[in-house]
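Topology and contacts: notes
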Amino acid sequence: MNGEGALERRFRRLLAWYPAEHRRTYAEEMIGVLLASAPSGRKRPSPAEALDLIGGGLQARLRRLGTWFADPSWPDALAVGSVALPVIVLTSLAVNYLQGVVTWYGLAGLSDFYLPALAIALPPLLALRYRPAAAIAALVAAGWFTFPLVKYSGLSGYFDPLEAGYCAALLVEAIALAVSPGPRRALVIMGWRTWLVLCTAGAALGFASLCYHWALPTWLAALLVIAFLSAVATWLAATLPRQVPSRLLLVLAIPAGPAAVWTVGYLTGTYAAFLSYTLPYLAPDLLLACLVAAMAWKVRRREATKLPDKLAG
Amino acid sequence: MTKSSIQEPTFLILTALAAGPQHGYGIMTDVASISGDRVRLRAGTLYAALDRLRADGVVDVDREEIVDGRLRRYYKLTPPGAQLLAAEAARLSANAKAATNRLRRHAAGAAGMVRAAGAAMARGAA
């Protein structure tokens, strides 16, 4: 292999640091420039050239991530999220309640049904008229669910995934109501098929608590939950306008984390034992929540200034 | 048009394109020449900047050619890009003028102080 061929091959390998879209647009041109600026006889990129290409690649990836976060479809995704979360939780609670009625195991009590149902249903209804107040109400409710979590778990690592799920759902609800157009916009975007997916997901979540006697192996329970979540995500994505689903799924993934842990606990029939391992599963949730909060802050800032500082630098 | 200043490599790229459409390698050599070899752009930095400037509508593709079997793409300054460069050049020029004026006053002040000190010493000696 001649020197230029080897050098070109190595430059191409370094260009793999760039996103595919960037490579499609610039790779051939960049190879030409890189070869033209390399001293003759060189077989390897210099360390400075390699660092420059790696840095440029990472910068291009970050820029695309920034574009994804700054996309104008975020408010729509959050608006749908502000309705989707209550629908899923309320359907799940309704299935649990009906299960109590049908099986005569006893009706769900105040803290198991009425308070969570009220906490999750009230903010979107309130948002139809008073959106900022609704966001505050959701935040207060999230705090109300956080208090026992912190009080009883302390640093022991014990977290009730159900309460953690309510907490996450209400926190996301508060963010969604604070920075998006809210339920009114969601009602325009969502079709009957979206409602059907959300109600199915909620019903399945409620139904899982009936299956504790299945006592499945953990890997099988986890596999079932992952397969179900993937099916719901795909189905949901097919019912919404382009650009909205990926962002909505990121928002829903925050409460879906604890909900998945809770469901796996029930399917394995080891709910109580499973709880002691819950805390590590909530770490990705915190990361996602931080990402969504950062995005919400960005949306808010853009709306406030209406003057993107795009040309700087 | 923009709230904050643009960075030097971006300013130099826009300055290079102000002379007319240029391809990537041409921009790199022109930037080195404009800056007196002080700024030497590498391909990664150049194409990161060009990608951003194209997305912002400051720079656009003028034409494409195939030379020795390689793609050569020429970039040009758009009207908003020319406006941005003009505004930035005016800003830098105003800053440079203010700095020069103050330095002149500073130098004059320092010279005056030296003269006054010299006169005081001469009086003391007398």
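The structure displayed is predicted, hence computed values, not measured ones. Sequence order sets the numbering: in each chain, residues are counted from 1 along the sequence as written. Written order decides the labels, with chains lettered from A and ligands numbered from 1. pLDDT decides what is reported in this predicted model: residues at 70 or higher carry local features, side-chain atom pairs at 80 or more are listed and counted, and totals for whole chains, interfaces and linings draw on all residues regardless. Remark: hydrogens and water are excluded; side-chain values derive from all non-hydrogen atoms of the structure.

1. Description of the overall build of chain A
Each helix and strand counted, chain A has 13 helices and zero strands in total. Only protein chains enter the accessibility calculation, which uses a 1.4 Å probe; a residue whose area is less than 20% of its type maximum is buried, one above 50% is exposed, and one in between is partly exposed. Across the 313 residues in chain A, those meeting the buried criterion constitute 46%. Long-range pairs, those at least 24 residues apart, make up 80% of the contacts in chain A between residues at least 6 apart in sequence. What sets the accessible areas is the Shrake-Rupley method with a 1.4 Å probe; for residues, cover comes only from the shown protein chains. Accessible surface, chain A: about 16100 Å² in total, of which carbon and sulfur atoms supply 69%. Secondary structure elements follow DSSP: runs of H or I of four or more residues count as helices, runs of E of two or more count as strands, with numbering from the N terminus. For this analysis, residues touch if any pair of their heavy atoms sits within 4.5 Å.

2. What about a nonpolar patch on the surface?
Residues and elements named next belong to chain A. There is a patch of nonpolar side chains on the surface, built from Leu125, Leu128, Leu187 and Trp195 and spanning about 360 Å² of accessible area. Within the secondary structure, Leu125 sits in helix H5 (residues 110-127). You can call Leu125 exposed: its relative accessible area is 56%. Patches were defined on residues exceeding 30% relative accessible area and lacking a salt bridge, with like-charge contacts within 9 Å and nonpolar side-chain contacts (Val, Leu, Ile, Met, Phe, Trp, Tyr) within 5 Å. Between Lys or Arg on one side and Asp or Glu on the other, a salt bridge is scored when a side-chain nitrogen of the former is within 4 Å of a carboxyl oxygen of the latter.

3. Some details on the interface of chain A and chain B
Interface extent is often summarised as the accessible area lost during association of the parts. Across the contact, 32 residues belong to chain A and 29 residues belong to chain B. Buried area between chain A and chain B, both sides added, is near 2600 Å², and the carbon and sulfur share of it is 53%. At the boundary of chain A with chain B, the tally comes to four salt bridges. Across the pair Arg70(B) and Glu8(A) runs a salt bridge, and its minimum N-O distance is 2.7 Å. Identification of polar contacts relies on pairs of N or O atoms within 3.5 Å, with a donor-acceptor requirement for protein atoms, meaning one able to donate a hydrogen and the other able to accept it, and with residues adjacent in sequence counted only if both atoms are side-chain atoms. Applying the counting rule to chain A against chain B returns 10 residue pairs in polar contact (both at pLDDT 80 or more). Taken together, the elements giving at least two residues each to the side of chain A that touches chain B come down to helix H1 (3-15), helix H2 (20-37) and helix H3 (47-69) of chain A. For the side of chain A that touches chain B, the element with the highest residue contribution is H2(A), accounting for 13 residues. Class assignment for the residues of the side of chain A that touches chain B results in 13 nonpolar, eight polar and 11 charged. Each of two parts loses accessible area, computed with a 1.4 Å probe, when they are put together; buried area is these two losses added. Basically, the charged four are Asp, Glu, Lys and Arg, the nonpolar ten are Ala, Val, Leu, Ile, Met, Phe, Trp, Tyr, Cys and Pro, and anything else, Gly included, counts as polar.

4. So, the confidence of the model for chain B
pLDDT gives the predictor's per-residue confidence on a scale running from 0 to 100. On average, residues of chain B score 88 in pLDDT, and 96% of them are at 70 or above. The complex prediction reports pTM at 0.60, with the ipTM value standing at 0.78.

5. Digging into the pairing of strand S2 (residues 59-67) of chain B
Residues and elements named next belong to chain B. With eight bridges joining them, S2 and strand S3 (residues 70-77) adopt antiparallel strand pairing. In the sheet register, Glu65 faces S3, and the bridge partner there is Arg72. Two successive antiparallel strands, S2 and S3, enclose a turn made up of two residues, where Asp68 displays a positive phi of approximately 55 degrees. In this description, strands pair whenever DSSP reports at least two bridges between them.

6. Concerning the confidence of the model for chain A
Confidence in the prediction for chain A averages 80 pLDDT; 80% of positions are at 70 or higher. Note on residues 306-313 of chain A: pLDDT under 50 across the span, and 21 contacts to partners over four residues away in sequence or across chains.

7. Looking at the packing of helix H7 (residues 161-179) of chain A against helix H11 (residues 244-267) of chain A
All names here are of chain A. Lines fitted to the C-alpha atoms define the axes, with helices restricted to the stretch that makes contact. Angles between their N-to-C directions range from 0 to 180 degrees. One way to put it is that H7 packs onto H11 with a least axis distance of 8 Å and a crossing angle of 170 degrees. In terms of their interaxial angle, H7 and H11 are classed as roughly antiparallel. Contact residues: H7 offers Pro161, Leu162, Ala164, Gly165, Ala168, Ala169 and Val172, while H11 offers Val251, Ile254, Pro255, Pro258, Val261 and Trp262. Looking at the contact of H7 with H11 residue by residue, the classes come out as 12 nonpolar, one polar and no charged. Under this scheme an angle from 65 to 115 degrees is roughly perpendicular, one under 35 degrees roughly parallel, and one over 145 degrees roughly antiparallel; angles in between are oblique.

8. Notes on the sheet that holds S2(B)
With respect to topology, three strands assemble into an open sheet ordered S1-S3-S2 (chain B), the strand pairing being antiparallel. Of all the strands in the sheet, the pair left with one neighbour each is strand S1 (22-23) and S2 of chain B.

9. Section: the packing of aromatic side chains
For Phe, Tyr and Trp, rings pair up if their centres lie within 6.5 Å, where Trp contributes its six-membered ring, and each pair is then called stacked (planes under 30 degrees apart), edge-to-face (over 60) or tilted (otherwise). A complete count under the given rule lists two aromatic pairs over all chains for this structure. By definition, being over a ring means that NZ of Lys or CZ of Arg is both within 6 Å of the ring centre and within 35 degrees of the ring normal. Directly above the aromatic system of Tyr74(B) lies the positively charged group of Arg63(B), at a separation of 3.8 Å from the ring centroid.

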